[in-house]
Amino acid sequence: MAGSKFAYVRNFELPDPLLPGTFMVLRIDGHAFHRLSEEHNFMKPNDERALQLMDHAARDVMNEFKDIVLAFGESDEYSFLFRRSASLYNRREAKILTTVTSLFTSSYVFNWSKYLSDTPLKYCPSFDGRIVLYPSPSVVRDYFSWRQADTHINNLYNTVFWALVLQGGQTTTEAHATLRGTVSSQKHEILFSRFGINYNELPARFRKGSVLVREEVSDAVETGDAPQADQAISTPTGEPASVSDKKAQKKPRVRTTVELYHFDIIGDEFWDGHSNILAD
Ligand code: ATP
Ligand code: ATP
Ligand code: MG
Ligand code: MG
Ligand code: MG
Ligand code: MG
Ligand code: MG
């Protein structure tokens, strides 16, 4: 299509492809959520409703972007892992990053009232986002271990901190001072001896964060109805298969759903049971 004499300005747009054959991890993080959580009276240390809202937005992202094979969330952040061979938007970084971040944000706002029904949203929340490329499965595993270890460290600190404030009557300044220099075992001890809280019995959601993963639905079908909004159909090779694709209709197809867990992803067990995540 012939352009106008102005069309040359397009040449100033530079390509931004992400290196092929690498694992993309896209992480979003709430902008100034310390303030947002205070302004909207989130329960401390963990407002479960706000975490469920984050999970909902992440699930919406995974239902839209089938190349995402794993997501991990804690606090105001979520990390999304794309399969190694993902080729969406020709791997253009800005296109992927902005589309995912804005979809997450709009879902967060769209669904806010379902989770925080007694708390009207006072202003527009926003999320920052980045994409980091990792060259090998072992670094990807270390990335997710890093985030889940962070969940544990932050949650242990926050749990003791808010016990000291809300049950122990300390000011926030005093509570920070009490905790300064303490190691993990001392925090467990304060929780148990002063407040009767056994940290390991707290909800797994708070201690382990949220893991979203695609699981195959056991009753694999030859052909079937159109997938539900929260379900995808793929061939056993993982290639996307449209319902109208005649070739794909002859093959057995595997339905998948996005499942939410709050379990350990640092050890081998999760990865051994989900070897497809790091396969391609
Ligand atoms: P930045 O814009 O740099 O990310 P931030 O204020 O969002 O700044 P973070 O380090 O991202 O800071 O921390 C997010 C903060 O949001 C937490 O420290 C906590 O105070 C609050 N927060 C997020 N989710 C929850 C929740 N479910 N319940 C209670 N507080 C929460
Ligand atoms: P991409 O995701 O690549 O941007 P797109 O479908 O959004 O694809 P665009 O080139 O951005 O394609 O064009 C946006 C299209 O949206 C327009 O061509 C038009 O069809 C439609 N559109 C946007 N705003 C309006 C509007 N105010 N009234 C009617 N149609 C609109
Ligand atoms: Mg941040
Ligand atoms: Mg933040
Ligand atoms: Mg954060
Ligand atoms: Mg347009
Ligand atoms: Mg457009």
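Definitions and cut-offs
Residues numbered from 1 in each chain as written. Chains lettered and ligands numbered in written order. Predicted model: local features only at pLDDT ≥ 70, side-chain atom pairs only at ≥ 80, totals over all residues. UniProt positions renumbered as here; feature names shortened; annotations may be inferred. Core = buried A, V, L, I, M, F, W, Y, C linked by C-beta atoms within 7 Å. Buried ≥ 20, exposed ≤ 12 C-beta atoms within 10 Å, placed from the backbone. Helix = DSSP H or I, 4+ residues; strand = E, 2+ residues; numbered from the N terminus. Contact = placed C-beta atoms within 7 Å. Expected span 1.5 Å × (residues − 1). Near = placed C-beta within 6 Å. Nonpolar A, V, L, I, M, F, W, Y, C, P; charged D, E, K, R; others polar.

- Taking an unreviewed UniProt entry as the reference, the chain is identified by name as tRNA(His) guanylyltransferase belonging to Lentinus tigrinus ALCF2SS1-6.
- In its Sequence similarities (unreviewed entry) section, the UniProt entry covering the chain states "Belongs to the tRNA(His) guanylyltransferase family."
- You can read under Catalytic activity (unreviewed entry) in the UniProt record for the chain the words "a 5'-end ribonucleotide-tRNA(His) + GTP + ATP + H2O = a 5'-end phospho-guanosine-ribonucleotide-tRNA(His) + AMP + 2 diphosphate + H(+)".

Focus on the nonpolar core
- Core analysis: the biggest nonpolar cluster contains 39 residues, and Ala58, Val61, Ile68, Ala71, Phe80, Leu81 and Phe104 have the highest contact counts within it.
- The dominant element in this core, judged by the number of residues it contributes, is helix 2 (residues 48-64), at eight residues.
- Each residue touching Val61, except ones within four places of it in the same chain, is listed here: Ile68, Phe80, Val100, Leu103 and Phe104.

Describing unusual backbone geometry
- For the peptide bond that leads from Lys44 to Pro45, omega is 0 degrees, which places it in the cis range.
- Relative to the elements of secondary structure, Pro45 occurs in the loop between helix 1 (33-39) and helix 2.
- Unusually for a residue other than glycine, Asn41 sits at a positive phi of about 50 degrees.
- Structurally, the position occupied by Asn41 is in the loop between helix 1 and helix 2.
- The phi dihedral of Ser75 falls on the positive side, at around 50 degrees, and the residue is not glycine.
- Mapped onto the fold, Ser75 is located in the loop between strand 2 (68-74) and strand 3 (77-82).

Overview of the UniProt feature "binding site: Mg(2+) 1" (unreviewed entry) in the chain
- Within the UniProt annotation, "binding site: Mg(2+) 1" (unreviewed entry) is assigned to Asp29, Gly30 and Asp76. Taken together, the annotated residues stretch across 48 residues yet fold into one region, lying no more than 5.6 Å apart by C-alpha.
- Within the fold, Gly30 resides in strand 1 (residues 23-30).
- According to the C-beta neighbour criterion, Gly30 is buried, with 22 such atoms within 10 Å.
- Here Asp76 shows up in the loop between strand 2 and strand 3.
- On the basis of neighbour counts, which here come to 21 C-beta atoms within 10 Å, the residue Asp76 falls in the buried class.
- If we ignore the near neighbours within four places in the chain, the residues touching Asp76 are Asp29, Gly30 and Phe33.

Considering helix 4 (residues 137-166)
- An ideal rise of 1.5 Å per residue puts 44 Å on 30 residues; helix 4 measures up with 43 Å between its terminal C-alpha atoms.
- Listing the buried residues of helix 4 in full gives Val140, Phe144, Arg147, Gln148, Thr151, Asn155, Leu156, Thr159, Val160, Phe161, Ala163 and Leu164.

Digging into the site of ligand 1
- Neighbouring residues of ligand 1: 15 residues in total, closest Phe33, His34, Ser37, Asp47 and Ala50.
- Residue assignment for the shell around ligand 1 shows that the elements contributing at least two residues are strand 1, helix 1 and helix 2.
- When residues of the shell around ligand 1 are assigned to their parent elements, the largest contribution, three residues, is made by helix 1.
- Partitioned by chemical class, the residues of the shell around ligand 1 number five nonpolar, six polar and four charged.

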